[in-house]
2 protein chains.
Amino acid sequence: MKKTKRVRQEELKTRIEQMPFTTDEELAKSFGVSIQTIRLDRMELGIPELRERIKSVATQEWNETVKALPVEEIIGEVVDLELDDRAISILDIRPEHVFSRNHIARGHHLFAQANSLAVALINDELALTARSTIHFSRPVKLGERVVAKATAKGEDDKGRTIVSVHSFVGNEEVFAGTFEMYRSNQ
Amino acid sequence: MKKTKRVRQEELKTRIEQMPFTTDEELAKSFGVSIQTIRLDRMELGIPELRERIKSVATQEWNETVKALPVEEIIGEVVDLELDDRAISILDIRPEHVFSRNHIARGHHLFAQANSLAVALINDELALTARSTIHFSRPVKLGERVVAKATAKGEDDKGRTIVSVHSFVGNEEVFAGTFEMYRSNQ
């Protein structure tokens, strides 16, 4: 049975609060309605479009400066950062990121997003990746938006910072990686 | 004591036979002579320049066709390939591959070279990376040439092909990785 508009709008509001980086396309698919319906719902609810939501998160929370590399060298768009603690970035999978044959994102782009986020997280002038273990849990397709979340997990016995990164499309995990980061103050 | 020309030329010949992808710059450094001296030595010995050596290796040995992706989507230049067995590629580290700040190659480019070589090795229409463990053993600098060597190591219990990749600058290992490859005939 189709949900009433009231129910759908309530659920939509909750969903966007929980997953602020979700797209209108993903929401439309999930609710079984058209993208236009989602846009109208958002307007009625006073919820800004995704690009604005990202900007507002960035302004509210991202008040730190990347130290280990110039921000334009980060693969993906950083939307949250607390140095030596956590970071979030977004990468939209465009034609240059996929295999031409099947439109599946190439692994090294997901790796690049996660790895450069791990570098950006480090509160030091120099951060280099020493080791990494990664796992691609499901193929990512052209047009999907990958949200990578990095968390600092402390230091190992060599003084390297362990950074854990999990990347999602919607609420589905597509990539997980652990990065051992060498840093200049070691 | 400086080696005589005869001794140097004999050693040079052996060295190039063992490491055909070594550059004149690397040889000059290793023998403690100028690049011009190495060039003259090569001319006297009738050893072609690196680009020609690469081409001749490619023509002699690389008689297989990449199946899992179009050859132009491989990161690096493939110079040897036996499907489901082994593959070699070369990547010259150019300005677009390095951190602007310290001219060290970014990890995802070394990963991309190794990972795309692991894909290229697979004798199947579809090859996707499921898991990988990698190790960066020393920073690679702008201008260095990275030779990646991939070897198929058989299948795991899930039917995934294990590919081991070791990447070198000269005879020094700079990267090692193990890739678990999902393939379409699984």
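About the criteria used
Residues numbered from 1 in each chain as written. Chains lettered and ligands numbered in written order. Predicted model: local features only at pLDDT ≥ 70, side-chain atom pairs only at ≥ 80, totals over all residues. Heavy atoms only, no water. UniProt positions renumbered as here; feature names shortened; annotations may be inferred. Least-squares fit on C-alpha atoms with pLDDT ≥ 70 in both. Contact = heavy atoms within 4.5 Å. 1 Å grid on protein atoms, 1.4 Å probe; cavity = no way out; pocket = protein on both sides within 12 Å on 5 of 7 lines; lining within 4 Å. Points joined across faces, edges and corners; volume = space filled by probe spheres on them. Nonpolar A, V, L, I, M, F, W, Y, C, P; charged D, E, K, R; others polar. Domains from an automatic or database assignment. Helix = DSSP H or I, 4+ residues; strand = E, 2+ residues; numbered from the N terminus. Core = buried A, V, L, I, M, F, W, Y, C linked by side-chain atoms within 4.5 Å. Buried < 20%, exposed > 50% of the residue type's maximum accessible area, 1.4 Å probe, protein only. Expected span 1.5 Å × (residues − 1). Arc of directions from axis to C-beta.

Chain A is annotated in an unreviewed UniProt entry as Transcription factor FapR from Halobacillus kuroshimensis. Here chain A is described in UniProt, under the heading Sequence similarities (unreviewed entry), as follows: "Belongs to the FapR family." As its UniProt record puts it under Function (unreviewed entry), chain A is described as follows: "Transcriptional factor involved in regulation of membrane lipid biosynthesis by repressing genes involved in fatty acid and phospholipid metabolism."

Chemist: Honestly, the relation of the copies chain A and chain B in this entry has me stumped. Any pointers?
Modeler: One copy of the chain maps onto the other through a rotation about an axis followed by a shift along the same axis. When chain A is fitted to chain B, the residual RMSD is 0.1 Å, and the transformation amounts to a turn of 180° plus an axial shift of 0.0 Å. Taken together, the rotation and translation relating the two chain copies correspond to the operation of a two-fold axis. Using C-alpha coordinates, one finds that chain A approaches the rotation axis most closely at Thr133 of chain A, a distance of 2.1 Å. Here 100% of the contact residues of chain A are again contact residues in chain B; the copies associate through an equivalent surface.

Chemist: In this structure, what is going on with empty space enclosed by the protein? I would like to understand it.
Modeler: Sizing a probe to match a water molecule and rolling it over the atoms shows the empty space that remains. Inspection of the entire model under this criterion finds two cavities of 30 Å³ or more. When its volume is computed, the largest cavity comes out at roughly 60 Å³. Along the walls of the largest cavity sit Phe99, Arg101 and Asn102 of chain A together with Ala68, Leu69, Pro70, Glu73, Val119, Glu125, Leu126, Ala127 and Leu128 of chain B, which together make up its complete lining. Taken together, the residues of the lining of the largest cavity sort by class into eight nonpolar, one polar and three charged.

Chemist: Would you take a moment to explain the layout of surface pockets for this structure?
Modeler: Residue and element names in this part refer to chain B. Space inside the largest pocket adds up to approximately 520 Å³. Together, 23 residues line the largest pocket, and Thr22, Thr23, Glu25, Glu26 and Leu27 are the ones closest to its centre. Of the residues in the lining of the largest pocket, the class split is four nonpolar, six polar and 13 charged. Residue contributions to the lining of the largest pocket reach at least three from each of two domains, namely domain 1 (5-56) and domain 2 (62-183).

Chemist: Is there a simple way to think about the side chain of Ser116 of chain B in this case?
Modeler: Mapped onto the fold, Ser116 of chain B is located in helix 5 (residues 107-121). In this structure Ser116 of chain B touches Arg106 of chain A together with Ile74 and Ile75 of chain B, once residues within four positions along its chain are discounted.

Chemist: How do you make sense of the nonpolar core when you look at a structure like this?
Modeler: The nonpolar side chains of a soluble globular protein tend to be buried, and buried together. Among the nonpolar cores identified, the biggest contains 76 residues, and Val163 and Phe179 of chain A together with Phe179 of chain B are the most heavily contacted of them. Aside from chain neighbours lying at most four places away, what touches Phe179 of chain B is Phe111, Ala114, Asn115, Ala118, Thr129, Arg131, Ser132, Ile134, Thr161, Ile162, Val163 and Val165 of chain B.

Chemist: Any chance you could explain the environment of Arg15 of chain A here in plain terms?
Modeler: Residues and elements named next belong to chain A. Position of Arg15 relative to the elements: it lies in helix 1 (residues 5-18). On the accessibility criterion, Arg15 (26% relative accessible area) is partly exposed. Between the alpha carbons of Arg15 and Leu27 there is a distance of 8.6 Å; along the sequence they are 12 residues apart. Excluding residues within four positions of it along the chain, Arg15 makes contact with Leu27, Ser30 and Phe31.

Chemist: Explanation requested: helix 1 of chain A in the structure shown.
Modeler: For an α-helix the count is 3.6 residues per turn, leaving residues at separations of three or four pointing the same way. All names here are of chain A. For helix 1, with 14 residues, the first-to-last C-alpha span of 20 Å sits near the 20 Å given by 1.5 Å per residue. Those residues of helix 1 not exposed but buried are Arg8, Gln9, Leu12 and Ile16. Angular distribution of buried residues about the axis of helix 1 spans 95°; they occupy a single face of the element. Exposed residues lying more than 90 degrees from the buried face of helix 1 are Arg6, Glu17 and Gln18.

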